[in-house]
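Residues per chain, in single letters:
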Amino acid sequence: NMLLALRSVVLMLVILFLRLFLRHRSIKEQHRSNQYKLESLKGKEQNPNALDENQRRIDELESWLQNDTRGKDIPDTQMLHVQLQHLKLRNQEIQLSMEQQKLAIQTLKQTDVYKLFRRASINEDAKVSEKHWVELQAEIRKVYPNFVLHLKELSPKVSDVELKICLLTKLGMPQSHIANALGYTRGGVSLACERFYKKIFGTKYTAKEFAHFIEEI
């Protein structure tokens with residue numbers, strides 16, 4: 001009987017270990033998947049960082065074509081001219097998109113709901129209701145149409161508080177101001193950010209890294 005009991009205990013421990021191992025591996029795979037997904041989501045947007053890379057490639061192509069003595073009718077040369085024009089058009093599209101976004105941000109900052117949250121964030125007498133949060137999210141969606149969608153792709157079970165913190169972070173608010181707007185302590189906001197970031201990527205974070213992550217979405 002003792003031998004059977006011992007075998008049962010060992011079997012239970014093995015099963016428990018396997019479950020924990022598989023769960024840990026699943027979580028790590030999800031974190032790795034979210035890293036790839038974030039890179040993919042960044043690629044879908046007009047990425048300002050692409051301007052410098054495109055311009056570097058434009059300069060290289062122009063320099064090479066200027067020194068090419070084979071003539072414009074060579075197929076390879078024609079292909080390079082096509083690539084050059086494509087890069088220039090792409091940069092024009094990115095610059096136009098950036099200008100449109102700047103105008104949209106300026107419009108957002110003139111809205112009553114934005115001004116209300118700004119007052120609330122610096123401890124002024126400003127009452128924020130759920131209705132105001134809905135209005136703020138709608139205004140942010142006008143500037144960043146896919147922001148909330150991308151957040152939920154990375155974390156389908158994002159909580160209400162996590163979403164609110166992300167919305168205010170997207171507006172460029174530091175954690176101390178976010179704490180004021182939410183009626184939390186700064187430590188409470190920092191802990192919520194840490195848990196949310198770790199839930200997505202499985203790593204520790206700094207406030208700067210979290211803000212950069214939100215900025216990139």
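Just so you know, these numbers come straight off a predicted model, no measurement behind them. (Residues numbered from 1 in each chain as written. Predicted model: local features only at pLDDT ≥ 70, side-chain atom pairs only at ≥ 80, totals over all residues. Heavy atoms only, no water.)

## Quick look at the overall build of the chain
Right, on to step 1. When helices and strands are counted, the chain shows 10 helices and zero strands.
Right, on to step 2. Long-range contacts, defined as pairs at least 24 residues apart, comprise 62% of the intrachain contacts of the chain with a sequence gap of at least 6.
Right, on to step 3. By element, 55% of the accessible surface of the chain is carried by carbon and sulfur atoms, the whole surface being about 14700 Å². (Helix = DSSP H or I, 4+ residues; strand = E, 2+ residues; numbered from the N terminus. Contact = heavy atoms within 4.5 Å. Areas by Shrake-Rupley, 256 points an atom, 1.4 Å probe, with all protein chains shown as cover.)

## Here we look at the pattern of salt bridges
Right, on to step 1. Evaluation of the coordinates by the stated rule reveals 10 salt bridges.
Right, on to step 2. Across the pair arginine 57 and glutamate 60 runs a salt bridge whose closest N-O atoms are separated by 3.4 Å. In this pair, arginine 57 and glutamate 60 are both assigned in helix α2 (residues 49–66), three residues apart and thus about one turn of the helix distant.
Right, on to step 3. Classification of arginine 57 by relative accessible area gives partly exposed; the value is 31%.
Right, on to step 4. A relative accessible area of 35% means that glutamate 60 is categorised as partly exposed.
Right, on to step 5. Linked through salt bridges whose partners overlap, the residues forming this network are Glu53, Arg56, Arg57 and Glu60. (Salt bridge = Lys/Arg side-chain N within 4 Å of Asp/Glu carboxyl O. Buried < 20%, exposed > 50% of the residue type's maximum accessible area, 1.4 Å probe, protein only.)

## A closer look at the packing of helix α7 (residues 160–170) against helix α8 (residues 175–182)
Right, on to step 1. Where α7 contacts α8, the axes come no closer than 10 Å and their chain directions differ by 130°. One way to sum up the angle between α7 and α8 is to call them oblique. Pair α7 / α8 crosses with right-handed handedness. Mapping the contact onto sequence places Lys164, Ile165, Leu168 and Thr169 in α7 and Ile178, Ala181 and Leu182 in α8.
Right, on to step 2. Taken together, the residues that form the contact of α7 with α8 break down as five nonpolar, one polar and one charged. (Axes fitted to C-alpha atoms, helices over the stretch in contact; angles between N-to-C directions. Parallel < 35°, antiparallel > 145°, perpendicular 65-115°, else oblique. Left-handed = near helix turned anticlockwise from the far one by under 90°. Nonpolar A, V, L, I, M, F, W, Y, C, P; charged D, E, K, R; others polar.)

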